[in-house]
Structures are given as C-alpha cells and as structure tokens.
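Structural description and commentary
One letter stands for each residue in the lines below.
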Amino acid sequence: MTTTERCNENRQLGDLAARAVVFIALPGALLVALGILMTFKSDLTWERFLRGYVAAFCFVLTICLGGLFFTILQHLSRAGWSVAVRRVAEALAANLRWIWILFIPIAIGMYKTHLYEWTHVPPDDELLGNKEIFLNPTFWMIRAAFYFAVWGGLAHFFLRNSIAQDADGDPKTTLRMARVAAPAMIVYALTQSFAVIDWVMSLEPKWFSTMFGVYFFAASCFGFLATLILVCYLLQRSGRVTESITAEHYQDMGKFLFAFGVVFWAYIAYSQYMLIWYADIPEETTWFIVRQLGGWRGLSILLILGHFVGPFLLLLSRHPKRWTNVLPAICVWMLFIHFIDMYWLVLPEYPAELVASVSTYPQLIEAFENGIDPATGIPWLARYDMHPHLADACCLLGLAGIVLGLTGLSVRNASLIPIGDPRLPESLAFENF
Amino acid sequence: MNDPGTGVAPATHETSQSSAQRSDDESVRLYGLLAEFETPAAIYAAAERVRDAGYRWWDCHTPFPVHGLDRAMGIRNTILPWLVLGAGATGTMIGFVLQWFTNAASFDLWAFVWVRGYEFLVSGKPILSGPVYPIVMFELTILLAAVGCVVMMFGLNKLPMLYHPCFKSERFRRASDDRFFIVIEARDPKFYRHKTEAFLDSLGATAVEELES
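Residues numbered from 1 in each chain as written. Chains lettered and ligands numbered in written order. Predicted model: local features only at pLDDT ≥ 70, side-chain atom pairs only at ≥ 80, totals over all residues. Heavy atoms only, no water.

Observations regarding the overall build of chain B
The line we're drawing: By definition, any uninterrupted DSSP run of H or I lasting at least four residues is a helix, any uninterrupted run of E lasting at least two residues is a strand, and each is numbered from the N terminus. Relative accessibility decides the category of a residue: with a 1.4 Å probe and only protein chains considered, values under 20% of the type maximum give buried, values over 50% give exposed, and everything between is partly exposed. Only heavy atoms matter for contacts: two residues are in contact if any of them lie within 4.5 Å across the pair. Only the protein chains shown count as cover for residues, with accessible areas throughout obtained via the Shrake-Rupley method and a probe of 1.4 Å.
When helices and strands are counted, chain B shows six helices and seven strands. In chain B, which comprises 213 residues, the proportion classed as buried is 34%. Within chain B, contacts between residues at least 6 apart in sequence are counted, and of these 75% link residues at least 24 apart. For chain B, the exposed surface amounts to about 13300 Å²; the carbon and sulfur share of it is 62%.

Following this line, the structure appears as structure tokens:
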C-alpha cells in the first residue's frame, strides 16, 4: 500500500456535496417547476411538454445507467487501471436508487394524457389491440417498478460494498463483487433494453427496431463517459484527487469514449438505419422519414457530424486524450450532442397519417412543406416539424442539475477514491504504452 | 560502485569463447558491448545515462516491460499511427472507388484487363446511393489498417529476425528470466571499444562482454 499512502491529496468531497445540492440541484428543481408553469401558462400541450421531459429524463438516465454498466464491467473484467475513477462511476450509478422519483411525471402522463398512444387504443385498431397484452398500463408500471428496483439494488450493492472496503481493505469484497458482476451484466442488458422499449420505443407503438435497445446502450456509454471525464476534471479543478487521476486515466477514459460512445454508437446507428432503408418497408421507414424532413433533417445531419465524424477525428489520436484541459472541453460538446441525440429520438411524431395521405416520396415532401391535414385543418408542418420550446431546455437543465447536484450526497462521507481496493496501487501506477 | 577514472572495474570482463579463439581473425567483426544489470531500477538509471551520453545505436533487453524505460531511453513516439491512418484512409478510398466504379460508373478501366463499370440498379435505389456504401468502406478501412499495422510494425522492428548477435551470448539467455541488458552497438558514432566499456562499467553493470556479429 506504499503507493496509496504516498499521496497527500484531498480525497473528501467535504462541503462541496452540500453546496452542490444548494447551488445545482435546487436551481434544477426550480427550472423543472418553471417548465411546468410555462406549460400551464402557454398553449403548450401536456403531451408536448412530456415529450421534452422524457428526452431530458433519458439524458440523465443514460448517464446513471452508463455508470452502472461501467462499474459492473470493471468488476467483471477485473480491471486495474480504472480503480482510481471507479468511485465517481459508482456515485453516478447510485442515483438510480432514487431516480424513479423523476419518473413519476412520465407515469402520470401515461395515465392522464395521450403521451403513449397505446393507452387509448381505438377498438378497430387490430395491431395495437394485439399489442395490449404487453403494452397495457398495469403491466407497464409493474415492469417500470422492476427495472428501478433492479438498477437501484445493483447500484446500491456496488457502492455499499466499495465503501465498506475502504475501511477494511478486505480482498474478499472484491471477489464478491466480481461474482455478482457476471449475472448483473446480463440483468443490466435485459432491463436496460426492455426499459427503453417501454419508455421510448413505445412512444410510437406501431414501429419497432431490434437495434433500439443497443442504440440506447451505446448512447448511454457516450453520455456517461463524457460525464465521467468532466466530473474527474471538475473534482481536480476543485483541488481534489489531484494526484491519483493522471493523464493516463484520462487517456483510457478517452479510449472508452472513443470506442463505445463514438464508434460503437455510429456502428449501431448506421446498422439500424441501413437495414430499414435497405428493406424499404413503409411501417419501418416512416420513423426515419420524419427525421429526414424539415428541422429534423438538420438535426440528423448534426448527429452524423457532431456525434460521429467530429469526435472520431478529435479522439483518434492519443494526444487529445492526454491533454487534460482539451478533453473536458470536447466532453462538454459530447454532452450537448448527447442531449440532441435523445431529443431526436423522443420528440419527432410518427407521421402515419401524413404518409398514408400521399403515394410517392416527392408528394410526401410537398405535403410536409405545404399540405394541410384534411381531418383537422392544421398544416402538417405545424404538427410534424421540429418546434423546440423553452420548456425543453428547462427540463434538460433542471433534471441534469437535480441529478448532478444530488450525486455527491451518496459519497459525502466516503473517499473519492476506493482506497480499500486491492488493485488501487496498480491503478495509481498505471501507464499506457 | 567503481570509479570510471581509474579504469579498473570490479565487474567481470569476458569475451565469449568463440570470439576469444578467433580474436585475430579480421573477418570477425565486433557487433557491440553487452552490459548486464540485476534490477529494473539499475537499468532504468543506466538507460538515462546512456541516453544523456549521446549514444544512438543501442537498446535495452528486459524480461518484462519496465515502465518509463522508453522515456529513460529517449525513444520518440513511433511513426506507426500515422502509417496506419494512411493505410486506413487508403482502404476507405478503395472501398468507395470500388463500389462507385462497379455500380455507378460507365466507362472502361484497365486493371490488367479491360473492365467496364456499368450503372447497376438495385431494388429501385438511386444509382449512386450513399447509405449502402459505408459497409464496404468500413470493412476495407479495418482490413487495410489492421493488416497494415501488423505488417508495418514488423517492418519497423525489422521482424522476423531469425538471428541476432545477442543470441550467441550464454549470459543473454537470462534476458528472458531475471536479468536486464543494455547493448551498445559498434556502429554507433560514439562507440570506442575501451571507452564505451569503461562507461558501461561506470553505470553499475554487473558484467560487460563483447558481442560478435
């Protein structure tokens, strides 16, 4: 343990945890309240507000789920390098113990509004009628409770054991966590996939993609790793863990971000798009068609360039990953584009009626830009184009503030480094070749 | 520690048996000097001093990777990543040109025989259809980058190397077990048979011996 004792750095969060609650989480909660107030006062529908809320909820959920995945993965692979940054991941994952509170508005929206189409199936809709065995409010709520229980339990298990190990340094704790990690990874993969099918993909209950769960997983790695790098950077800027986390760790986190968040995400996103484009079946392509029109088109191109091409070129070389002032700046952009990704995923409305009213693609574009919905008299553009609202920004900044501000509470009395982990000396001495 | 000024070193001095027998033979050329160290710390400190002394044709041989030895030796970053980037970009371009020529072009091209590209309509998609291209481009990028990386790594390391002068040394066998070696080659501009030997002694080498090429 000589390596671990040599450092004289500050490894306690101290009063930063309390200050984060007051100055980050509290304004966050106020912002969400402001968003709700805005919806009351303006002509924004509750469905539209909740779509923005779901996107923001996905944003914070992906970050916490990514933390749980990262923690499980490090135990599963018995990784040595990551021990110095693992407590941050554990703390982010530990938010999963209470994040169901932020889910309540979505659950209320499911019951009280038309956020989810499958809650009010017309009797003549045979397709949705058949899906009601799975997509019905009661079963949906039971499943949601199950996901949160599993995630909260796993996150609690890893954080509690890791903190307990700080005191006694018992290597058996590490072995026990490694044993749990293997089944936990399977459970994580299944619950994560089903959760995103329930909460995001079922927004368009007639559309389906077998890639969707994996896409969400790739996005969660992206969001989490960018957050991890940023949190490490901010902790070091505030004078904590200044010696333990080095450029070597940043480089490895950057590698993870590059591999999982950038390349893997692009691989999955492309696979999903290409297969649907290639097969060209209307009930599948409709989901993508709306994302190729109007404002959504710009967002799609921004995702290709800003989520893949740009970060790919920036992170390809080893040097930017080791410039510990440049990498966090890249990560700020990453978090922005990660929210764009969630927004792009959740917000666009499935244009089934628009597609049904035309017979060719040029007609579709013409109808989208100039046509009017014959049933309601509202232009298609007003219904299907991108109309960002200030309430979306309130939800995003609000939920991000709440989650980030409360993250510190779970480790306020613990070390920011798992000082009892037998692999910590390996991590502190870690070097890339 | 011995004093380099006296020229008397307590370390053992040997030449390998075969080179002793043929020491008068002009055709046997000196490859370099092999210095043995017992600990990673010793070779680390020695490497720094060899580097600072300005030697360029020299190398360290250790049973396991010694952290930071690259820096101690003053080795610059390898050029390999740039070569791999070039190989990968070449693969991307080949992937694009291949698909474009075979599916969307309509002219003749001489590739050892005359071949003609023609516009090939598949399932009503546009002739030059972006979404389908990345697969082959991606695969060829990976293929050329991965194969190019291995081949060029071998090339830069001059592998496969079936013979190396160090292999003649009995002592050197422990380089795969528990000893650490520095070899300074005779072709180094700063290499002088006796001066370099004294220098290696002064670094704390437990033994210094000649290597014939």
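Here we look at a nonpolar patch on the surface
All names here are of chain B. Put simply, the rule reads: Patch building starts from residues that exceed 30% relative accessible area and form no salt bridge, then joins like charges within 9 Å and nonpolar side chains (Val, Leu, Ile, Met, Phe, Trp, Tyr) within 5 Å. The term salt bridge refers to a pairing of a side-chain nitrogen on Lys or Arg with a carboxyl oxygen on Asp or Glu at a separation within 4 Å.
Where nonpolar side chains cluster on the molecular surface, the patch consists of M93, F96, V97, W100, F107, L109, V113, V115 and L128 and spans about 750 Å² of accessible area. Elements that contribute at least two residues to the nonpolar patch include exactly α4 (80–104) and β5 (113–116). Position of V113 among the secondary structure elements: in strand β5.

What to know about the interface of chain A and chain B
Interfaces are often sized by the accessible area lost when the parts come together. The condition is simple: Summed over both partners, the accessible surface that disappears when two parts come together, traced with a 1.4 Å probe, is what is meant by buried area. Polar contacts, as used here, are pairs of N or O atoms within 3.5 Å; protein pairs need one atom able to donate a hydrogen and one able to accept it. Residues neighboring in sequence count only if both atoms are side-chain atoms.
Taken together, the contact between chain A and chain B spans 13 residues of the former and 13 residues of the latter. Of the roughly 1100 Å² buried between chain A and chain B, counting both surfaces, carbon and sulfur atoms make up 66%. Run the count over chain A and chain B and you get one salt bridge. Between A:E431 and B:R71 there is a salt bridge, with its nearest N and O atoms 3.5 Å apart. Remark: the boundary between chain A and chain B carries three residue pairs in polar contact (both at pLDDT 80 or more). Taken together, the elements giving at least two residues each to the side of chain A that touches chain B come down to α10 (247–279) and α13 (318–322) of chain A. Broken down by element, the residue count for the side of chain A that touches chain B peaks at six residues, all from α10(A).

Some thoughts on the packing of aromatic side chains
Residue and element names in this part refer to chain A. As a reminder of what qualifies: By convention, a stacked pair of Phe, Tyr or Trp rings (six-membered ring in the case of Trp) has centres within 6.5 Å and planes under 30 degrees apart, an edge-to-face pair has planes over 60 apart, and any other such pair is tilted.
One pass over the full model with this rule turns up 56 aromatic pairs over all chains. Relative to F194, the ring of F134 lies with its centre 6.5 Å away and its plane at 55°, an arrangement referred to as tilted. Residue F134 is located in the loop between α6 (126–131) and α7 (137–168), and its partner F194 is located in helix α8 (residues 171–199); the two are separated by 60 residues in the primary sequence. F134 gets classed as partly exposed once you look at its relative accessible area, which sits at 30%. Aromatic pair W207 and W287: ring centres 4.2 Å apart, planes at 10°, arrangement stacked. Of this pair, W207 sits in the loop between α8 and α9 (212–237) while W287 sits in helix α11 (residues 282–290), and the two are 80 residues apart along the sequence.

Points about the nonpolar core
Residues and elements named next belong to chain A. Put simply, the rule is: Among the buried residues, those of types Ala, Val, Leu, Ile, Met, Phe, Trp, Tyr and Cys that are joined through side-chain atoms within 4.5 Å form a nonpolar core.
F57, I99, W151, W199 and L345 are the most contacted members of the largest nonpolar core, which totals 145 residues. Among the elements that take part in this core, helix α3 (residues 46–76) stands out by supplying 19 residues, more than any other. Each residue touching W151, except ones within four places of it in the same chain, is listed here: L61, L65, L68, L96, T191, Q192, A195 and W199.

Points about the environment of A:A107
Residues and elements named next belong to chain A. Mapped onto the elements, A107 comes out in helix α5 (residues 100–112). You can call A107 buried: its relative accessible area is 9%. Not counting residues within four places of it along the chain, the set of residues in contact with A107 comprises W140 and M141.

Examining unusual backbone geometry
A cis amide bond, omega 0°, links B:L159 with the succeeding residue B:P160. On the secondary structure map, B:P160 appears in the loop between α5 (134–156) and β6 (180–185). With phi around 60°, A:D280 is a residue other than glycine that occupies positive phi space.

Describing the pairing of strand β7 (residues 207–212) of chain B
Residue and element names in this part refer to chain B. To keep it simple, the criterion reads: Pairing between two strands requires that DSSP report at least two bridges joining them.
A large share of β7 lies buried, amounting to six of its six residues. Here β7 shows two buried faces, one formed by A207, E209 and L211 and the other by V208, E210 and E212. Relative to β7, strand β2 (residues 30–37) is paired through six bridges, and the arrangement is antiparallel. Bridge pairing links L30 to E212 in β7.

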